[in-house]
Amino acid sequence: MTSAQVDTSEKDSGASGAASEAPEEGYERGLGSRQVQMIAIGGAIGVGLFLGAGANIAKAGPSLILMYALAGAIIFFIMRALGELLLYRPVSGSFAEYSREFLGPFFGYFTGWTYWLMWVVTGMAELTAAAIYVHYWFPAIPQWVTALVFLVVLFGVNLISVKVFGELEFWFSMVKVTALIGMIVIGLGVLTFGFSSAGDTASVANLYQFDGFFPKGVGSSLMTLQGVMFAYLAVELVGVTAGESEDPEKTLPKAINTLPWRIALFYVGALTVILCVVKWTEFAPGVSPFVAAFAKIGIPAGAGIVNFVVLTAALSSCNSGMYSTGRMLRTLADSGEAPAAFRKLSASKTPAFGVTVSVLFMGIGVVLNYVVPEKAFGYVTSIATAAGIWTWLMILVSHVLYRRAVDAGRLPASSFRAPGGAVCSWIAIAFLLFVTCLIAYDADSRVCLYVMAGWAAALGVGWQVLKNRSPEVTERRERAPEKVS
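Residues numbered from 1 in each chain as written. Predicted model: local features only at pLDDT ≥ 70, side-chain atom pairs only at ≥ 80, totals over all residues. Heavy atoms only, no water.

> Please explain the packing of aromatic side chains as it appears in this structure.
Two aromatic rings are characterised by how far apart their centres lie and by the angle between their planes. Scanning the model with the defined rule gives 20 aromatic pairs in all. Between F106 and W463, the ring centres sit 5.3 Å apart and the planes meet at 80°, which makes this aromatic pair edge-to-face. Remark: W463 occurs in helix α19 (residues 447-469) and F106 occurs in helix α6 (residues 105-137); sequence separation between them is 357 residues. Of the residues examined, W463 reaches a relative accessible area of 8% and is grouped as buried. Feature note: the residues F106, F107, Y109, F110, W390 and W463 constitute an aromatic cluster, connected by ring pairs. Just above the ring of F416 sits the side chain of R80; from NZ or CZ to the centre is 4.1 Å. (Phe/Tyr/Trp six-rings, centres within 6.5 Å; stacked < 30°, edge-to-face > 60°. Helix = DSSP H or I, 4+ residues; strand = E, 2+ residues; numbered from the N terminus. Buried < 20%, exposed > 50% of the residue type's maximum accessible area, 1.4 Å probe, protein only. Lys NZ or Arg CZ within 6 Å of the ring centre and 35° of its normal.)

Written as structure tokens, this is what we have:
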């Protein structure tokens, strides 16, 4: 079977591949350009930057800036590959659909469930982070109590309608973007004019004066890539919104093409300014470097304001997780790879049952915050990263196979072609495999690979059960390849 032969199941039959012929899928196309743009921006600003960067700075020093830039370039390759596929055929649950089309039913099944797992454990991480941030103001409140309250509130928001989700996500992202820009401006002011208690020591020289740009060696810097990649999880959420965007042909390319400047400004730029204002040796794991920097600058209530901002970042990501898990379960149910109950939409056209089940699993994060509050964040972020790497790999492999089919004239070309074609996708694939090797090498994060192995075994058993009960679901239904003029 060739890579260009596509699945022509009932769900996809009649789809020519043109973006304009994407099915409505029963969802409300309630996400406008303004909301999709901010969802895309918000996806690049999360708890991985606001909280996780503290531990990574302690491991790598100023060289962490380079790691974010390197990983950001790879993320752009991934998103342009996804963008080309989205404009070829924009559907909700896109990653699973493309894996199913180009690699076969099993890969669609595996990718859909693994992406669901990624967001469930990411939701746990965000709830943990949110609880840590609230602990800054109210140290007497147990982490698990705060995590539970946020879980219930966001669950209610996701049941109302996609417009409410989009609007909440818009304002969450607006807070993050405005605050980060403000932090950068204030940091530049400290560097330029020397005001505040940090003014005397703030200097670009802080990037290399304390044991150099790679204070703990290149190896230690590379080991932070697994945490850096976690920070970029959720940028692909734009693909999940495809089935509910008002005008995907216009909004999706614009959202993806703005990714480089978002990474340059919000990750590379913000970290560079922060590490110039405060020397890297003053940051510690478990503390947001942005909160620590503003505490050092001494702006009244500055640290508290930043803490509020990073709290919104955590809640934003958890909100997105609830949104995407419900949609992915419905995609799996549409393909016969999950219980049919997940296909049902509520009166507000949201996959309420899928969201509810996902939230119940996210509740495990509340339990972790009760049992091991000091380790909960590290455990779940490593698992989320491994699941995210699989999702990105499937996007890239699907893109390579799609381009091969287009070049052979078997499928229509997308209106949003990735620069460099399949070459950039191959580079990104090699990078992700390298990061996987780093995870395997690190004793602390290696446990996530054991979890993923157990997850793969469980999905393998589920596939065999599905094959015995509904063999037609697990068989690729093909059509003769057609030449595209």
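> Sorry if this is basic, but what is going on with empty space enclosed by the protein here?
Here the idea is plain: a probe the size of a water molecule rolls over the atoms and shows the empty space left. Here the structure, examined in full by the defined rule, presents four cavities of 30 Å³ or more. By volume, the second largest cavity amounts to about 40 Å³. Every residue lining the second largest cavity is listed: M183, I186, G187, I274, V277, A293, F294 and I297. Listing elements by their share of the lining of the second largest cavity, those giving two or more residues are α8 (162-193), α13 (259-277) and α14 (289-297). Classifying every residue of the lining of the second largest cavity by side-chain character gives seven nonpolar, one polar and no charged. (1 Å grid on protein atoms, 1.4 Å probe; cavity = no way out; pocket = protein on both sides within 12 Å on 5 of 7 lines; lining within 4 Å. Points joined across faces, edges and corners; volume = space filled by probe spheres on them. Nonpolar A, V, L, I, M, F, W, Y, C, P; charged D, E, K, R; others polar.)

> What is the right way to look at the confidence of the model for the protein chain in this model?
Averaged over the protein chain, the pLDDT score is 80; the fraction of residues at 70 or greater is 82%. Note that pLDDT drops below 50 for residues 1-24; the model gives that stretch 53 contacts with residues more than four away or on any other chain. pLDDT under 50 marks residues 479-485. Its contacts with residues more than four places away, or in other chains, come to 13 contacts. (pLDDT = per-residue confidence, 0-100. Contact = heavy atoms within 4.5 Å.)

> For this particular structure, what's the right way to read the packing of α6 against helix α7 (residues 143-160)?
Packed helix pairs are characterised by how far apart their axes lie and by the angle those axes make with each other. Orientation of α6 relative to α7, taken along the N-to-C sense of each, is 120°, at an axis distance of 8 Å. In terms of orientation, α6 and α7 fall into the oblique class. Between α6 and α7 the crossing geometry is right-handed. Residues L127, T128, A130, A131, I132 and V134 of α6 form the contact with α7, whose own contacting residues are Q143, T146, A147, F150 and L151. The class makeup of the residues in the contact of α6 with α7 is eight nonpolar, three polar and no charged. (Axes fitted to C-alpha atoms, helices over the stretch in contact; angles between N-to-C directions. Parallel < 35°, antiparallel > 145°, perpendicular 65-115°, else oblique. Left-handed = near helix turned anticlockwise from the far one by under 90°.)

> I keep staring at unusual backbone geometry and nothing clicks. Help me out?
Across the chain, the bulk of peptide bonds are trans and the bulk of non-glycine residues have phi less than zero. The phi angle at D211 is positive, at roughly 70°, despite the residue not being glycine. As for its position among the elements, D211 is in the loop between α8 and α9 (217-223). Assessed through its relative accessible area of 61%, D211 is described here as exposed.

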